[in-house]
Amino acid sequence: EDQVTQSPEALRLQEGESSSLNCSYTVSGLRGLFWYRQDPGKGPEFLFTLYSAGEEKEKERLKATLTKKESFLHITAPKPEDSATYLCAVQAMNGYQKVTFGIGTKLQVIP
Amino acid sequence: DSGVTQTPKHLITATGQRVTLRCSPRSGDLSVYWYQQSLDQGLQFLIQYYNGEERAKGNILERFSAQQFPDLHSELNLSSLELGDSALYFCASSVDRSGEQYFGPGTRLTVT
């Protein structure tokens with residue numbers, strides 16, 4: 001069964017203090033790994049798709065990277081508006097198209 | 001705004017009752033996914049439809065059912081409701097069967 005483990009569960013940063021969130025996964029043939037951002041009480045918002053090891057994607061202060069076993073979401077010089085829960089998800093190559101989500105990392109950026 | 005709409009926003013009902021949640025996908029999207037999100041459990045995949053056909057099933061209880069109509073909107077039916085069914089229910093859509101999904105604002109279900 002596909003599994004996604006995210007760490008840490010919660011992270012508190014000072015504004016401007018860069019850090020990384022980790023997503024470890026096991027899947028029988030990776031079709032894609034996805035990062036989402038979720039604000040409290042709202043639906044997740046799509047950020048990135050990564051397909052193969054070595055791939056990187058960037059958006060503003062966020063950069064996602066992928067290896068064969070894990071993905072990192074690097075946050076450079078975060079601002080308070082980056083505070084949210086960041087979700088990682090994987091989709092397998094097999095005939096089932098379901099996406100398996102991790103529980104997320106709750107990020108709080110203090111001014 | 002993702003372009004995915006869900007109704008109602010909030011629903012309060014009693015144990016044993018039946019409710020229907022409705023989702024309209026983004027224009028042009030053929031896939032609809034349903035998820036349940038409880039406080040400590042994260043997003044749990046329930047079921048996926050693609051162009052009217054069921055394509056994947058997750059941890060969906062037998063008391064729950066769904067369908068996708070010819071106009072591509074979808075409904076999730078929850079019956080014989082229990083206290084533990086209280087959660088946020090999200091619908092998401094995608095162009096194909098990609099994991100790049102666009103989520104609606106959710107329906108918050110409270111079972112009393």
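See the structure shown above.
About the thresholds
Residues numbered from 1 in each chain as written. Chains lettered and ligands numbered in written order. Predicted model: local features only at pLDDT ≥ 70, side-chain atom pairs only at ≥ 80, totals over all residues. Heavy atoms only, no water. Helix = DSSP H or I, 4+ residues; strand = E, 2+ residues; numbered from the N terminus. Rg over C-alpha atoms; globule rule 2.2 N^0.38 Å. Buried < 20%, exposed > 50% of the residue type's maximum accessible area, 1.4 Å probe, protein only. Contact = heavy atoms within 4.5 Å. Areas by Shrake-Rupley, 256 points an atom, 1.4 Å probe, with all protein chains shown as cover. Pairing = 2+ DSSP bridges. Axes fitted to C-alpha atoms, helices over the stretch in contact; angles between N-to-C directions. Buried area = accessible area lost by both parts, 1.4 Å probe. Salt bridge = Lys/Arg side-chain N within 4 Å of Asp/Glu carboxyl O. Polar contact = N/O pair within 3.5 Å; in protein donor to acceptor, adjacent residues only side chain to side chain. Nonpolar A, V, L, I, M, F, W, Y, C, P; charged D, E, K, R; others polar.

A. Structural view of the overall build of chain B. In terms of regular secondary structure, chain B is built from zero helices and 11 strands. In chain B, the order of α-helices and β-strands from amino to carboxyl end is β-β-β-β-β-β-β-β-β-β-β. Here chain B has a C-alpha radius of gyration of 13 Å; the compact-globule value for 112 residues is 13 Å, and the two agree. With respect to the principal axes defined by its C-alpha atoms, chain B has extents near 40 × 25 × 25 Å. Taking all 112 residues of chain B together, 51% fall into the buried category. For chain B, long-range pairs separated by at least 24 residues make up 55% of all intrachain contacts whose partners lie at least 6 apart in sequence. A total accessible area of about 5,300 Å² is found for chain B, and carbon and sulfur atoms account for 45% of it.

B. Representation of the sheet that holds strand S3 (residues 19-24) of chain B. Residues and elements named next belong to chain B. Taking strand neighbours across the sheet as the criterion, the four strands line up as S1-S3-S8-S7 in an open arrangement whose pairing is antiparallel. Of all the strands in the sheet, just strand S1 (5-7) and strand S7 (64-68) have a single pairing partner and so form its edges. Ignoring which end each strand starts from, the neighbouring axes of this sheet average 15° apart. Strand direction decides the pairing type here: S1 and S3, joined by three bridges, are antiparallel. Looking at the pairing, Gln6 lines up with Cys23 of S3.

C. Region of interest: the interface of chain B and chain A. With 20 residues of chain B at the interface, the matching set in chain A holds 17 residues. Between chain B and chain A lies a buried interface of about 1,500 Å² when both sides are counted; carbon and sulfur atoms form 59% of it. Our count for the contact surface shared by chain B and chain A stands at zero salt bridges. At the surface where chain B touches chain A, the tally comes to four residue pairs in polar contact (both at pLDDT 80 or more). Here the side of chain B that touches chain A is composed, by residue class, of nine nonpolar, seven polar and four charged.

D. Structural detail: the sheet that holds strand S3 (residues 19-26) of chain A. Residues and elements named next belong to chain A. Across the sheet, which stays open at both edges, the five strands sit in the order S1-S3-S8-S7-S6 with antiparallel pairing between neighbours. Every interior strand has two partners, whereas the edge strands, strand S1 (3-7) and strand S6 (56-59), have only one. Strand-to-strand twist in this sheet, taken as the mean axis angle between neighbours without regard to direction, amounts to 15°. In this sheet, strand S8 (residues 70-75) lies alongside strand S7 (residues 62-66) in antiparallel orientation, the contact comprising five bridges. Within S8, the position partnered with Thr65 by the bridge is Phe72.

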